[in-house]
Amino acid sequence: MTPTPDPETAATPTYDVVIVGAGPAGLTAAIYCARSRVSTLVLERNLAGGQMALTELIENYPGFPEGIGGFDLSEKMKTQAVQFGAEFREITVVEAFAPNPDGGYAVTTDQGEVHAKAVILAPGVEGRRSDVPGEAEFIGRGVSWCATCDGPLYRGKQVAVIGGGDSAVEEGIYLTKFADSVTVIHRRDELRASKIAQERAFANLKMHFVWDAVPHRILGESVVAGIEYQNVKTHELATLPVNGVFIFIGQIPNTTFLKGIVDLDQSGYIRTDELLRTSQPGVFACGDARVSPLKQIAYAVGEGALAGVQAERYLETLAWPVADNTTL
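Quick caveat: nothing in here was measured; it's all calculated off a predicted structure.

Conventions adopted
- Residues numbered from 1 in each chain as written.
- Predicted model: local features only at pLDDT ≥ 70, side-chain atom pairs only at ≥ 80, totals over all residues.
- Heavy atoms only, no water.
- Pairing = 2+ DSSP bridges.
- Helix = DSSP H or I, 4+ residues; strand = E, 2+ residues; numbered from the N terminus.
- Contact = heavy atoms within 4.5 Å.
- Axes fitted to C-alpha atoms, helices over the stretch in contact; angles between N-to-C directions.
- Right-handed = clockwise from strand over helix to strand, strands pointing away.
- Disulfide = S-S within 2.5 Å.
- Buried < 20%, exposed > 50% of the residue type's maximum accessible area, 1.4 Å probe, protein only.

Novice: Help me out: how do you make sense of the sheet that holds strand β10 (residues 181-185) in this one?
Specialist: Adjacent strands of a sheet form backbone hydrogen bonds with each other and so pair up, either parallel or antiparallel. Read from one edge to the other, the open sheet built from five strands follows the order β8-β15-β9-β10-β11, with strand pairing classed as parallel. Two strands in the sheet have a free side with no partner beyond their single neighbour: β8 (143-144) and β11 (207-210). Relative to β10, strand β9 (residues 158-162) is paired through five bridges, and the arrangement is parallel. Bridge pairing links valine 161 to valine 184 in β10. Helix-sheet contacts for helix α4 (residues 166-175) involve β9, β10, β11 and β15 (244-247), and the interaxial angle to β9 is about 170°.

Listed below in structure tokens is the structure:
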């Protein structure tokens, strides 16, 4: 389980596997790799668990009929990986990722460079910006993408939620724990969230809805004071006084550092085959940043398990000088 010293620089050890990202996919991959007794390093940004850690209550993960807090589930997964021997290193950003001339890969972060014989990419996604006037100006002063992080700041206040999917509705419901009023502004005339989430939202007396509307401008001076929105059918403008605006209009993958290295689709998601192999030998991808039909914790965990197993099998091929690393 101990990483081997790099022959070029003793200060930069080479791990068997480096996992980029510590969401549910990355954490599961770490459990599988470490349990297989390969030296494993996980590079995590912020909290282990990714967006899962910011979810107040997870109700659809098997084995927890009463639900479980996202932070609690994240900590359990991380503890399990650490118990098997995985190492974790906190970083802010991955600056570069490239093949080494003599084999393996180098991952460069703001905390230094690490080398790996195999890499599992699980960088996750982040909230999409709306580019509405006022959004950038009021970040941290009334504009947010995380209700779990910032909800307590709006106790007794009025907030708006932009979006109509699961994240928008579930985060909106969470905000009613603090805010006096939560108004969901959605471009369609019905929500896209799951039926059970919709039922809870409609039954919540603090939840209100503005249909067929999109944000036009976020208003305020030093802090958010309101939001101007436009009806997509009549084009009429209206203003809603609010103290905060929470934006949940989709996600973008954290894959900027991978451009030109592995194959990405037009939206920046990582392309893989059915065994989660990318276009680079020994590099696998799993989780929300991968091209996949479903973005759910249970699905990410399954992908993490497969990526961990495939990385271990790839490492086994490296022990044979005549091994063909393109087939496993």
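Now, onward.
Novice: How should the sheet that holds strand β14 (residues 237-241) be read in this particular structure?
Specialist: Strand order in the open sheet made by the three strands is β12-β13-β14, with antiparallel pairing throughout. Only two strands of the sheet have a single neighbouring strand rather than two, namely β12 (213-220) and β14. Strand-to-strand, the axes of this sheet are offset by a mean angle of 25°, without reference to chain direction. Relative to strand β13 (residues 224-231), β12 runs antiparallel, the two sharing seven bridges. Note that in β13 the partner of leucine 219 across the bridge is glycine 226.

Novice: Which parts of the structure should I look at to understand the pairing of strand β3 (residues 87-91)?
Specialist: Looking along a regular strand, one sees the side chains alternate between the two faces of the sheet. Across five bridges, the pairing between strand β2 (residues 40-45) and β3 is parallel. Bridge pairing in β3 places leucine 43 opposite arginine 89. Following the chain from β2 across helix α2 (residues 70-84) to the adjacent parallel β3, one finds a crossover that is right-handed.

Novice: How do you make sense of the state of the cysteines when you look at a structure like this?
Specialist: Any covalent bond linking the sulfur atoms of two cysteines counts as a disulfide. For the structure shown, the criterion picks out one disulfide. Each sulfur in the disulfide pair cysteine 146 and cysteine 149 lies 2.2 Å from the other. For the disulfide bridge between cysteine 146 and cysteine 149, the dihedral angle about the S-S bond is near 75°, and by the sign convention the bridge is right-handed. When its relative accessible area of 10% is taken as the criterion, cysteine 146 is described as buried. In this structure cysteine 149 comes out as partly exposed when scored by relative accessible area, which is 43%. No disulfide involves cysteine 33; its sulfur sits 9.1 Å from that of cysteine 286, the nearest cysteine. Residue cysteine 286 is classed as buried on the basis of its relative accessible area of 2%.

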